[in-house]
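Residues per chain are reported as follows:
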Amino acid sequence: MKVENITETEFRKMILVSSKRLASNAEFINSLNVFPVPDGDTGTNMSLSFASGEKYVAESTATSVGKLANALAKGLLMGARGNSGVILSQVFRGFAKSIADKETLTANDLVTALQGGVETAYKAVMKPQEGTILTVARKAAEAATKEATKTDDVVAVMKATYDAAEEALKTTPDLLPVLKEVGVVDSGGQGLTFVYQGFYDALSGNEREDEVHTPSTVEMDEMVNAEHHKSVQGQLNTEDIKFGYCTEIMVRIGAGRLVDEKFDYDEFRDHLAQIGDSLLVIADDEVVKVHVHTEHPGQVLSYGQKFGSLVKVKVDNMRLQHETIIGKDEAEATEMPATATENTEPKEYGVIAIASGAGIANIFKHLGVTDIISGGQTMNPSTKDIVEAIEKTNAKKVIILPNNKNIFLAAQQAAEVADAQVEVILSKTIAQGMSAMLGFVDTASLEENKENMTEEMSLVKSGQVTVAVRDTTIDGQEIKQGDYMGIVDGKIVNTAAGCEQAAVEMVQMMLDDDSEVVTIIYGEDGTEAEAEKIAAKVTEIDPDVEIEIHEGDQPVYPYLISVE
């Protein structure tokens with residue numbers, strides 16, 4: 001069946017079918033990206049993210065494909081969960097921008113949209129890694145481009161796109177060593193391949209909307225070490241500061257007396273990239289928001305005014321901040337925060353922690369956290385969830401503790417669109433988040449708190465004990481289903497038949513001459529009695545360490561153990 005144009009009807013069906021395809025295969029995708037523990041989430045994140053986009057499309061009254069694509073992109077952005085969901089949202093942000101004025105899509109329009117998605121996704125990641133969803137998107141767009149030179153049939157072009165995505169997916173182990181080690185494909189790339197499969201099926205009339213992918217023996221025999229999904233943001237050391245002024249502006253496009261140029265995202269971003277680093281540019285039709293480190297903040301402000309009026313301006317001397325100069329003329333930093341309720345003046349600080357378990361939430365509250373988002377390994381909050389939490393704090397300055405690296409991108413994206421000043425502390429674990437709070441001072445500046453909290457976080461070792469859900473071999477460890485595993489700072493270090501034994505052996509590996517405090521937090525599947533037994537054996541190993549035991553109520557991990 002030949003189709004020369006994708007109309008509103010076809011596009012809506014494409015989105016619906018792909019949303020169902022991701023939902024049906026979420027568990028399979030989950031199985032590809034994690035340790036053999038019951039917390040796989042790439043499939044869940046991509047499915048929920050795309051479902052949010054599908055909801056926006058379903059609720060839209062638009063009749064043009066361009067406007068429906070914009071609804072999809074906005075829904076994906078607000079519903080984006082985890083790194084995979086955020087990158088998927090960027091793919092379709094670029095897709096939508098490329099066809100914004102199109103009533104229907106020709107084969108060439110479809111190619112333009114696919115290429116736009118690739119370009120936006122690559123730009124969104126500071127250090128693009130091949131062997132991931134990015135590779136799959138790029139190879140698929142390249143195949144679509146080639147096919148469109150032969151035919152104007154959008155079905156044929158979409159088939160070429162899907163086929164190329166499948167082929168690119170097979171190559172991901174050759175591009176990413178950790179995938180090759182265990183012989184599986186990239187989970188994010190697998191998710192995007194299902195999306196393109198859904199697009200093709202919707203256009204061609206294939207009836208397999210509820211088909212669940214049956215994994216091969218190799219795919220299910222081994223799991224992938226989650227370390228291949230790194231945060232896209234690096235941390236800047238004080239001695240590495242090349243550009244001394246953290247400059248942020250928000251520009252209302254087209255407004256103001258000094259406007260003399262039409263806004264073009266690529267040209268705008270490329271110009272700013274020449275005068276600084278750590279650049280992030282987010283824009284829609286009305287506003288562009290910029291964060292850049294530069295030696296010439298005045299140039300950034302002047303350049304922004306060429307395209308519109310400056311709505312917000314913030315410039316900080318990072319060298320002074322890192323030298324912790326006392327007595328900065330910031331009256332707001334010395335004000336005592338008021339109790340925040342609706343219709344009251346904003347308080348000075350809000351601190352948001354993402355965590356699962358009532359006990360852990362209480363510990364964070366005692367440490368000074370003001371708001372808790374329920375989530376973590378088994379359920380990553382969306383960008384929208386985090387934005388709403390920021391607004392709920394009713395604070396001028398907000399600090400976010402993700403406590404899970406798969407939440408970094410959603411938290412950073414929320415920080416960029418929020419009205420408050422927001423910093424994300426890159427805490428990968430609950431222990432790191434709690435340790436970071438020891439560096440929080442409510443009279444310090446946001447930048448000083450970020451520096452101090454990050455430093456505190458680096459002083460803790462994080463251990464997790466959980467049960468293996470299948471046989472596998474990772475990091476040289478032979479693991480059997482039902483074994484208990486000790487995971488230290490993201491790496492499996494030991495296994496044992498019993499939970500207590502696994503915990504004690506793990507802590508022994510974590511202890512060193514500088515260790516002073518061991519904290520044991522027992523979860524839903526742990527007990528206080530067993531925690532006390534673990535503590536007693538740790539004391540036998542090192543009589544000088546102080547041991548604290550707390551009830552955490554966390555799922556998945558019977559014990560979270562930190563050493564400081």
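Predicted model, so just to flag it, every value in this text is computed and none were measured. (Residues numbered from 1 in each chain as written. Predicted model: local features only at pLDDT ≥ 70, side-chain atom pairs only at ≥ 80, totals over all residues. Heavy atoms only, no water.)

Visitor: Could you clarify how one ought to interpret the overall build of the chain in this entry?
Guide: A tally of regular secondary structure across the chain gives 22 helices and 16 strands. Split into buried and exposed, the 564 residues of the chain put 55% on the buried side. Roughly 24200 Å² of accessible area belongs to the chain as shown, and the carbon and sulfur atoms make up 48% of that amount. (Helix = DSSP H or I, 4+ residues; strand = E, 2+ residues; numbered from the N terminus. Buried < 20%, exposed > 50% of the residue type's maximum accessible area, 1.4 Å probe, protein only. Areas by Shrake-Rupley, 256 points an atom, 1.4 Å probe, with all protein chains shown as cover.)

Visitor: Quick question: what am I supposed to make of the pairing of strand E9 (residues 461-467) here?
Guide: Where a strand is regular, its side chains alternate between the two sheet faces. Counting buried positions along E9 gives five out of seven residues, so the element sits mostly inside the fold. Bridge count for E9 against strand E16 (residues 559-563) is five bridges, and the pairing is antiparallel. When the sheet's bridge partners are listed, Gly 463 is paired in E16 with Ile 561. Direction of pairing for E9 relative to strand E12 (residues 484-488): antiparallel, over a ladder of five bridges. Within E12, the position partnered with Gln 464 by the bridge is Ile 487. (Pairing = 2+ DSSP bridges.)

Visitor: Got a minute to help me understand a negative patch on the surface in this structure?
Guide: Taken together, Asp 513, Asp 514, Glu 516, Glu 546, Glu 548 and Glu 564 make up a surface patch of like negative charges. Position of Glu 564 relative to the elements: it lies in the segment after E16. (Patch = residues over 30% accessible without salt bridge, like charges linked within 9 Å, V, L, I, M, F, W, Y side chains within 5 Å. Salt bridge = Lys/Arg side-chain N within 4 Å of Asp/Glu carboxyl O. Lys, Arg positive; Asp, Glu negative; His and termini not counted. Charge placed at Lys NZ, Arg CZ, Asp CG, Glu CD.)

Visitor: Before we go on, may I ask you to explain the sheet that holds E9 in this structure?
Guide: What holds strands together in a sheet is hydrogen bonding between their backbones, with the strands either parallel or antiparallel. Strand order in this open sheet of six strands is E13-E12-E9-E16-E14-E15, and the pairing throughout is mixed. Looking along the sheet, the strands with just one partner apiece sit at the ends: strand E13 (491-496) and strand E15 (546-551). The average undirected angle you get between the axes of adjacent strands in this sheet is 20 degrees. Helix-sheet contacts for helix H21 (residues 499-510) involve E9, E12, E13, strand E14 (517-522) and E16, and the interaxial angle to E13 is about 135 degrees. (Axes fitted to C-alpha atoms, helices over the stretch in contact; angles between N-to-C directions. Contact = heavy atoms within 4.5 Å.)

Visitor: Would you explain the packing of aromatic side chains in this entry?
Guide: When we look at a pair of aromatic rings, we describe it by the centre distance and by the angle of the planes. Going through the model one piece at a time under the given rule, you end up with 13 aromatic pairs. For the pair Phe 92 and Phe 95, a centre-to-centre distance of 5.5 Å together with 50 degrees between the ring planes defines the contact as tilted. With Phe 92 and Phe 95 both in helix H5 (residues 82-98), this residue pair falls three residues apart, about one helical turn. Of the two residues, Phe 92 and Phe 95, both sit in the buried class. Between the aromatic rings of Phe 263 and Phe 268, the centroid separation amounts to 5.1 Å while the plane-to-plane angle is 55 degrees, which identifies the pairing as tilted. Note on Phe 268: relative accessible area 1%, which makes it buried. An aromatic cluster of at least three residues, connected via ring pairs, comprises Phe 11, Phe 50, Phe 92, Phe 95, Tyr 196 and Phe 199. When the ring centre of Tyr 265 is taken as origin, the NZ or CZ atom of Arg 93, which lies over that ring, is 5.4 Å away. Residue placement shows Lys 97 over the ring face of Tyr 265; its charged tip is 4.2 Å from the ring centre. (Phe/Tyr/Trp six-rings, centres within 6.5 Å; stacked < 30°, edge-to-face > 60°. Lys NZ or Arg CZ within 6 Å of the ring centre and 35° of its normal.)

Visitor: Sorry, what's going on with the sheet that holds strand E7 (residues 395-401) here?
Guide: The four strands are arranged E6-E5-E7-E8 in an open sheet whose pairing can be described as parallel. Of all strands in the sheet, those bounded by a partner on one side alone are strand E6 (371-374) and strand E8 (421-424). Ignoring strand direction, the axes of neighbouring strands in this sheet form an average angle of 20 degrees. Alignment of strand E5 (residues 347-355) against E6, held across four bridges, turns out to be parallel. Across the sheet, Ile 354 pairs through a bridge with Ile 373, a residue of E6. Against the sheet, helix H16 (residues 358-367) touches E5, E6 and E7, its axis set at about 155 degrees to E6.

Visitor: Can you help me understand the confidence of the model for the chain in this one?
Guide: When pLDDT is averaged along the chain, the result is 83, and 84% of the positions lie at 70 or above. Summarising per-element confidence for the chain, the mean pLDDT is lowest in helix H15 (residues 331-334) (36) and highest in helix H7 (residues 133-148) (96). With pLDDT under 50 throughout, residues 34-40 is counted as low confidence; its partners more than four residues away or in other chains account for 41 contacts. Contacts for the low-pLDDT stretch residues 322-343, under 50 throughout, to residues beyond four places or in other chains number 28 contacts. (pLDDT = per-residue confidence, 0-100.)

Visitor: Would you mind going over unusual backbone geometry with me for this structure?
Guide: Excluding glycine, residues mostly have negative phi values, and the peptide bonds linking residues are mostly trans. In this model, Asn 394 sits at a positive phi of 55 degrees, which is unusual for a non-glycine residue. Mapped onto the secondary structure, Asn 394 falls in the loop between helix H17 (383-393) and E7. Under the relative-accessibility criterion, Asn 394 is labelled partly exposed at 21%. Positive phi values are uncommon outside glycine, yet Val 556 reaches one of about 70 degrees. By secondary structure assignment, the location of Val 556 is in the loop between E15 and E16. A residue is classified by how much of its surface remains accessible, and Val 556, at 15% relative accessible area, is buried.

Visitor: Please explain the nonpolar core as it appears in this structure.
Guide: Across soluble globular proteins, nonpolar side chains have a tendency to be buried as a group. Among the nonpolar cores identified, the biggest contains 87 residues, and Phe 11, Phe 50, Phe 92, Tyr 196, Ile 386 and Ile 390 are the most heavily contacted of them. Excluding residues within four positions of it along the chain, Ile 386 makes contact with Ile 354, Ile 373, Pro 381, Ile 400, Ile 407, Ala 410, Ala 411 and Ala 414. Ala 355, Met 453, Val 556 and Leu 560 belong to the second-largest nonpolar core, a separate cluster that totals 23 residues. (Core = buried A, V, L, I, M, F, W, Y, C linked by side-chain atoms within 4.5 Å.)

Visitor: I keep staring at the packing of H5 against helix H6 (residues 107-124) and nothing clicks. Help me out?
Guide: The description of two helices packed together rests on the angle between their axes and the distance between the axes. Across the interface, H5 lies against H6 with an axial gap of 6 Å and an inter-helix angle of 135 degrees. Considering the angle they form, H5 stands oblique to H6. At the point where H5 passes H6, the crossing takes the right-handed sense. The segment H5 lies against H6, with Gln 90, Val 91, Arg 93, Gly 94, Phe 95 and Ser 98 engaging Leu 110, Thr 112, Ala 113, Leu 114, Gly 116, Gly 117, Thr 120, Ala 121 and Ala 124. (Parallel < 35°, antiparallel > 145°, perpendicular 65-115°, else oblique. Left-handed = near helix turned anticlockwise from the far one by under 90°.)

Visitor: I keep staring at helix H12 (residues 265-273) and nothing clicks. Help me out?
Guide: For the α-helix, the turn length of 3.6 residues means that residues three or four positions removed from each other point alike. Among all positions in H12, only Tyr 265, Phe 268, Arg 269 and Leu 272 are buried. Viewed along the axis of H12, the buried residues span an arc of 95 degrees, placing them on a single side of the element. Between the side-chain oxygen of the N-cap and the backbone nitrogen of Asp 266 there are 3.2 Å, and the N-cap of H12 in question is Asp 264. (Arc of directions from axis to C-beta. Polar contact = N/O pair within 3.5 Å; in protein donor to acceptor, adjacent residues only side chain to side chain.)

Visitor: Is there a simple way to explain the packing of helix H3 (residues 42-59) against helix H4 (residues 65-79) in this structure?
Guide: Closest axis-to-axis distance for the H3/H4 pair is 7 Å, and the angle between their directions is 140 degrees. Classified by the angle their axes make, H3 and H4 are oblique. In the crossing of H3 with H4, the sense of the turn from one axis to the other is right-handed. In this structure, H3 contributes Leu 48, Ser 49, Phe 50, Ser 52, Gly 53, Glu 54, Tyr 56 and Val 57 to the contact, and H4 contributes Leu 68, Ala 71, Leu 72, Lys 74, Gly 75, Leu 76, Met 78 and Gly 79. Looking at the contact of H3 with H4 residue by residue, the class counts come to nine nonpolar, five polar and two charged. (Nonpolar A, V, L, I, M, F, W, Y, C, P; charged D, E, K, R; others polar.)

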